[in-house]
Every structure is written in structure tokens, then in C-alpha cells.
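Coordinates in review
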Amino acid sequence: MGTKSQATLAYDTFANWVNSYLEFLKIAERRALKISPAHKQAWQNAFNLQRLLKRRQSSRFKYLFAGGKLDFATFKSLDSIAERLDKGWTELEEADLRERKAAYRDDSRAIEDLHSKWNAHALDDARKLLESDSKYREARLALAEKTRKLEL
């Protein structure tokens, strides 16, 4: 059996990282709603935004991967790939992907909509409660461990 190419390994690793994060969000959202149900709408908006941001990041990765625009030898970690997809993303890439993919365009609009309504302090107290929840902390630690094992 042959070994995977560096690009295929990076692609699979990135996909697993995204899936692990999305699984964590499911647990975190369940815990948040259980611990502070009075903040239900704010929590739902926060977790929806996180899912949308991760989906956008994944779409950008697939776009660059398909176009052969990622030099995997230059990336030292998943975080360095994420940085390229977020901070290193260009206006030209944004315009091209929005034009090509309706789902990406829709996600981008939904992100803009959530950002326009965002109250940065709406969950301050509720977030402290969530962060002190043992099941939430276990899920965060599990995500950190999976991420560590997935590193490039």
C-alpha cells in the first residue's frame, strides 16, 4: 500500500480537524443551552456563527486546494493553514469564490447578517458559567487532544 501524498494527507487532516470542531460545537451548544437557557437566542446565534465561519473556512480550503494554490510544504500546522484562510484570504479570492459557489455566497451573507446583530457582551456571564461546566471542559480538552494528534 502506497503512502499518501503530502497534499492528500493535509487535505484529510484539515477535513478531520473541521469535523472535530463541528462535533465539539454540538456538545458545547447543548451544554450552553442547558446551563443558561435564558440566553437561548444569543447562544444559538453564537454557535450558528461558529458553524458558518468553520464552513466558510472549509470552502476556502477546498477552493485553494482544487486550484493548486496551497503549498503544503510551507504550512507547519493546522493553525498556519487557518491563518492563510482567514487573514491571508484576498479580495480577489473572495470575489471569485462568491461568484462560483452559491452556498459560499449564502454562508457569507449569513455571517455578515449575524455580525451586524452581534452584541459582544451578550454572553459574558453565561460564557463564564459554560466554561466552568465539567462536561464542556471535557469536550474542549478532547478537541485539543484530537487537534494535537491531527497536526501536520
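Below: a short report on this structure. Treat the numbers as computed from the prediction; the structure is a model and nothing was measured.

This brings us to the overall build of the protein. Check the secondary structure of the protein and you find seven helices and zero strands. Going from the N terminus to the C terminus, the protein shows its helices and strands as α-α-α-α-α-α-α. Residues counted as buried form 36% of the 152 residues belonging to the protein. A fraction of 75% describes how many contacts in the protein between residues 6 or more apart in sequence connect residues 24 or more apart. Roughly 9,600 Å² of accessible area belongs to the protein as shown, and the carbon and sulfur atoms make up 52% of that amount. In the protein, which carries 30 positive and 23 negative side-chain charges, the distance between the mean positions of the two groups comes to 4 Å.

Let us look at the layout of surface pockets. To find leftover empty space, a probe the size of one water molecule is rolled over the atoms. One number sums up the size of the largest pocket: a volume of about 380 Å³. In terms of lining, the largest pocket is formed by 22 residues, of which the most central are Trp43, Ala46, Trp118, Leu123 and Arg127. Of all the secondary structure elements, the ones that give two or more residues to the lining of the largest pocket are α1 (6-35), α2 (40-66), α5 (102-117), α6 (124-131) and α7 (134-150). Sort the elements by how many residues they give to the lining of the largest pocket and α2 lands first, with six residues. Considered class by class, the residues forming the lining of the largest pocket number 15 nonpolar, three polar and four charged.

Relative to the helices and strands, Arg148 is located in helix α7. Sequence separation between Arg148 and Leu78 is 70 residues, and the spatial gap between their C-alpha atoms is 9.6 Å.

Another aspect to go through is the packing of α2 against α5. At their nearest, the axes of α2 and α5 sit 10 Å apart, and the two run at 145 degrees to each other. In this structure, α2 crosses over α5, and the sense of that crossing is left-handed. Where α2 abuts α5, its residues Asn45, Asn48, Leu49, Leu52, Leu53, Arg55, Arg56, Ser59 and Arg60 lie against Tyr104, Asp107, Ser108, Ala110, Ile111, Leu114 and His115. Its residues assigned to classes, the contact of α2 with α5 shows seven nonpolar, five polar and four charged.

Quick look at the nonpolar core now. Ranked by size, the top nonpolar core spans 18 residues in total, and within it Phe14 and Phe61 carry the most contacts. For this core, the secondary structure elements donating two or more residues are α1, α2 and α3 (78-86). Not counting chain neighbours up to four residues away, the residues in contact with Phe14 comprise Gln57, Ser58, Phe61, Leu78, Ile81 and Leu85. Phe24, Ala28, Leu130 and Tyr136 belong to the second largest nonpolar core, which has 14 residues in total.

Parameters at a glance
- Residues numbered from 1 in each chain as written.
- Predicted model: local features only at pLDDT ≥ 70, side-chain atom pairs only at ≥ 80, totals over all residues.
- Heavy atoms only, no water.
- Helix = DSSP H or I, 4+ residues; strand = E, 2+ residues; numbered from the N terminus.
- Buried < 20%, exposed > 50% of the residue type's maximum accessible area, 1.4 Å probe, protein only.
- Contact = heavy atoms within 4.5 Å.
- Areas by Shrake-Rupley, 256 points an atom, 1.4 Å probe, with all protein chains shown as cover.
- Lys, Arg positive; Asp, Glu negative; His and termini not counted.
- Charge placed at Lys NZ, Arg CZ, Asp CG, Glu CD.
- 1 Å grid on protein atoms, 1.4 Å probe; cavity = no way out; pocket = protein on both sides within 12 Å on 5 of 7 lines; lining within 4 Å.
- Points joined across faces, edges and corners; volume = space filled by probe spheres on them.
- Nonpolar A, V, L, I, M, F, W, Y, C, P; charged D, E, K, R; others polar.
- Axes fitted to C-alpha atoms, helices over the stretch in contact; angles between N-to-C directions.
- Left-handed = near helix turned anticlockwise from the far one by under 90°.
- Core = buried A, V, L, I, M, F, W, Y, C linked by side-chain atoms within 4.5 Å.

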